[in-house]
Amino acid sequence: MLQLSSTVALAVSAPPRIRSIDALRGLVMLLMLVDHTRECFYSTVPVADPLGPETPTALFLTRLTAHFCAPVFVFLTGLAAWLYAQSRGGAAAASDFLWKRGLFLIVLELTLVNFAWGFDLTPPMLYLQVIWVIGLSMLALAALVHLPRPTLIALGLAIVLGHNLLDGVHVTSEPGRALWAVLHERTIFDLPWGGRLRISYPLLPWIGVIVLGYTLGPWFARGVHAGTRQRKLVAAGLAALALFVLLRATNVYGDLHLWQAGRDALGTALQFVNLTKYPPSADFLLATLGVGLIVLAAFEHLPERAARLLAVLGAAPLFFYLFHLYLLRALNLTAGWALGVPGPVSVPNVAGLWLLAAAVALPCWFATRAFGDRKRRSAAWWMRYL
């Protein structure tokens, strides 16, 4: 009886989830699944750069869709932090949750996530990627949530739009080199025991993204009319896209790599949107977040069935992330064993890649739904961090 009462009390006190947010998060998780399927099952295809000028269009567009995943997810993490603050007692409660979960994610990146990529307890290379940078961004936001909203808006915009001014800064001596690599420069380090460590996701731009997501929170307050919120989301998205086009067209500032004309109109268009992700340039963030804001507004009109299906993944994204990584790696190893292939197994074409991703998504969806149901029924405090 006591356990039942605790569970009921938790359910009553838990804030209602906003389905459009969960649905958008679920969509980017599916796009991420396609990209990770490409990394697991298309690695032997002889393409040096999936976004290079010579890359087949289908593969280019497949990789391009993954660009939306990290910016939208980090932005929604900031938005979710504001919603958490409103339901749990303000900025102090959000700060307490953010630093604890941020540390948890950092540890997770160094352990379960890295192991999932190679099933190797002593990998030759440790990668600090998206889970790591989300954790660090949460630590940063934990310290910043106490600032006034106008200050946070100014800070977020200054970081997102201004960090490319630092592209020419390079630090070559320690300890400054390591700190600068964490903040703004993709770098590989030698580790004392002979392995190597790669910082794939420098932190600084992502602080701006998570802060801006947090400042968007008041648009989702209970008293805000849905139509007003949707107009604001679309206006902000269109403004971001307009600024992206302006910066990219001038080819002066906004991305470290300038665009060049391709072999035809399509090739030129593809190179125009071939933006720097590591670290994410101002152009990259304007383009991806601009689209993300418009889609978030549109998802408030998403048919109920589609919204529910996507929201299953978006309500338990960390479980989905870990489950799909292990499933993809296990499937590739099993396929290699069954076919007698000594290395990674690849699908023959991009269409096969998408079909395989769709097939993998099905067990991931059912597993994530089961975990989400278990999480909602649980009264354990630690389940909030999963």
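In the block above lies the structure referred to throughout.
Below: a short report on this structure. (Residues numbered from 1 in each chain as written. Predicted model: local features only at pLDDT ≥ 70, side-chain atom pairs only at ≥ 80, totals over all residues. Heavy atoms only, no water.)

## Section: the packing of helix H4 (residues 69-88) against helix H5 (residues 91-118)
Basically, it comes down to this: Each axis is a line fitted through C-alpha atoms, and for a helix only the stretch in contact is used; angles between axes span 0 to 180 degrees, taken between their N-to-C directions. Per the convention used, a helix needs a DSSP run of H or I reaching at least four residues, while a strand needs a run of E reaching at least two, with both numbered from the N terminus. Reported orientations rely on four angle classes, namely roughly parallel under 35 degrees, roughly antiparallel over 145, roughly perpendicular from 65 to 115, and oblique for the rest. Rotating anticlockwise by less than a right angle from the far helix to the near helix defines a left-handed crossing, while the corresponding clockwise rotation defines a right-handed one. Only heavy atoms matter for contacts: two residues are in contact if any of them lie within 4.5 Å across the pair.
Running from N to C, H4 and H5 cross one another at 125 degrees; their axes reach a closest spacing of 7 Å. In terms of their interaxial angle, H4 and H5 are classed as oblique. In this structure, H4 crosses over H5, and the sense of that crossing is right-handed. In this structure, H4 contributes Ala-81, Tyr-84, Ala-85 and Arg-88 to the contact, and H5 contributes Ala-91, Ala-93, Ala-94, Phe-97 and Leu-98.

## Considering unusual backbone geometry
Our working definition: Working definition: with a 1.4 Å probe on protein chains only, accessible area under 20% of the residue-type maximum means buried, over 50% means exposed, and in between means partly exposed.
Note that the residue after Glu-174, namely Pro-175, is joined by a cis bond; omega there is 0 degrees. Tracing the sequence through the fold places Pro-175 in the loop between helix H7 (149-162) and helix H8 (176-183). Cis geometry marks the peptide bond from Tyr-278 to Pro-279; its omega dihedral reads -10 degrees. The phi dihedral of Phe-119 falls on the positive side, at around 50 degrees, and the residue is not glycine. If you trace the backbone, Phe-119 turns up in the loop between H5 and strand S1 (125-128). With a phi close to 60 degrees, Asn-251 is a non-glycine residue in the positive phi region. Its location among the elements puts Asn-251 in the loop between helix H10 (226-250) and helix H11 (265-272). Residue classification places Asn-251 among the partly exposed positions, given a relative accessible area of 22%.

## Things to note about H7
Note the cut-off: Expected span of a helix: the number of residues minus one, times 1.5 Å.
Over its 14 residues, H7 runs 19 Å from end to end, which matches the ideal 20 Å to within 8%, given 1.5 Å per residue. Among all positions in H7, only Leu-152, Gly-156, Ile-159, Val-160 and Gly-162 are buried. Against the buried residues of H7 lie helix H6 (130-144), helix H9 (204-215) and helix H12 (282-298).

By themselves, these figures tell us nothing about what the structure is for.
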